[in-house]
Amino acid sequence: MTSKQRSYLKSLASTMDSVFQIGKSCLTTEFIDAIKGVLETHELIKINVLKNCVEDPKEIADTLASHTRSEVVQIIGRKIILYKQADEPEKRKIILPK
């Protein structure tokens, strides 16, 4: 992902609300499966890591990216932005600049 594409995704995510909140149970297989499903339909999501979660947001973001085959766009404090391009071209909602 180029810096121009990353910047574009950051601008789109700035107006989004968090779709998920990670609490003290941190990452579970059900939670990861739910994120996979949402990434399939939305492509770009924002996740909020609550203060009662003991894990580091950067570690959580890396784990989520590897399990969901997505890319970490940005981590700001306790907010994670993930992007996964839709597999089928006709289902793509976000067209990245070149």
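Use the structure listed above.
Here the structure is a predicted model, which means the values were calculated and not measured.

Peer 1: Explanation requested: the nonpolar core in the structure shown.
Peer 2: Here is a general trend for soluble globular proteins: nonpolar side chains tend to be buried in one another's company. In this structure, Ile22, Ile35, Ile47, Leu64 and Leu82 are the most contacted members of the largest nonpolar core, which totals 17 residues. Of all the secondary-structure elements, those providing two or more residues to this core are β1 (20–22), α2 (29–42), β2 (44–49), α3 (57–68) and β4 (79–83). The dominant element in this core, judged by the number of residues it contributes, is α2, at five residues. Apart from residues lying up to four places away in sequence, isoleucine 47 is in contact with Ser18, Phe20, Ile22, Ile35, Leu64, Arg78, Lys79, Ile80 and Leu82. The next biggest cluster of nonpolar side chains, apart from the first, holds seven residues, and it includes Leu9, Val73, Ile81 and Ile94.

Peer 1: Just to check I follow, could you spell out α2 for this structure?
Peer 2: Two residues of an α-helix separated by three or four positions point the same way, owing to the 3.6 residues in each turn. Here α2 spans 20 Å end to end across 14 residues, near enough to the 20 Å set by a 1.5 Å rise per residue. Listed as buried for α2 are Phe31, Ile32, Ile35, Val38 and Leu39. Along the axis of α2, the buried residues cluster in a sector spanning 125°; they form a single face. Of the exposed residues in α2, the ones pointing more than 90 degrees away from its buried face are Thr29 and Glu30. Taken together, the buried residues of α2 touch β1, β2, α3 and β4. Immediately beyond the C-terminal end of α2, within one or two residues, lies glutamate 43, with a positive phi of roughly 70°.

Peer 1: What is the right way to look at the packing of aromatic side chains in this model?
Peer 2: What characterises a pair of aromatic rings is the spacing of the ring centres plus the angle enclosed by the ring planes. Applying the stated criterion across every chain yields a total of one aromatic pair. Centroid distance phenylalanine 20 to phenylalanine 31: 5.3 Å. Interplanar angle 70°. Geometry classified as edge-to-face. Separated by eleven residues along the polypeptide, phenylalanine 20 in strand β1 and phenylalanine 31 in helix α2 bring together distant segments of the chain. Note on accessibility: phenylalanine 20 and phenylalanine 31 belong to one class, buried.

Peer 1: Would you mind going over the pairing of β4 with me for this structure?
Peer 2: The two faces of the sheet receive side chains in turn, since in a regular strand these alternate between them. Counted residue by residue, β4 has four buried out of five residues, so it is predominantly covered. As paired strands, strand β3 (residues 71–76) and β4 are joined by five bridges and run antiparallel to one another. The residue bridging glutamate 71 from the neighbouring strand is tyrosine 83, located in β4. In sequence, β3 turns back onto β4 through a hairpin of two residues, with glycine 77 there showing a positive phi of about 60°.

Peer 1: Would you mind showing me how to read the environment of alanine 13 here?
Peer 2: Here alanine 13 shows up in helix α1 (residues 3–13). In this structure alanine 13 comes out as buried when scored by relative accessible area, which is 1%. Placed 32 residues apart in sequence, alanine 13 and isoleucine 45 show a C-alpha to C-alpha distance of 7.4 Å. If we skip the residues at most four places from it in the chain, alanine 13 touches Leu44, Lys46 and Ile81.

Cut-offs used in this document
- Residues numbered from 1 in each chain as written.
- Predicted model: local features only at pLDDT ≥ 70, side-chain atom pairs only at ≥ 80, totals over all residues.
- Heavy atoms only, no water.
- Core = buried A, V, L, I, M, F, W, Y, C linked by side-chain atoms within 4.5 Å.
- Buried < 20%, exposed > 50% of the residue type's maximum accessible area, 1.4 Å probe, protein only.
- Helix = DSSP H or I, 4+ residues; strand = E, 2+ residues; numbered from the N terminus.
- Contact = heavy atoms within 4.5 Å.
- Expected span 1.5 Å × (residues − 1).
- Arc of directions from axis to C-beta.
- Phe/Tyr/Trp six-rings, centres within 6.5 Å; stacked < 30°, edge-to-face > 60°.
- Pairing = 2+ DSSP bridges.

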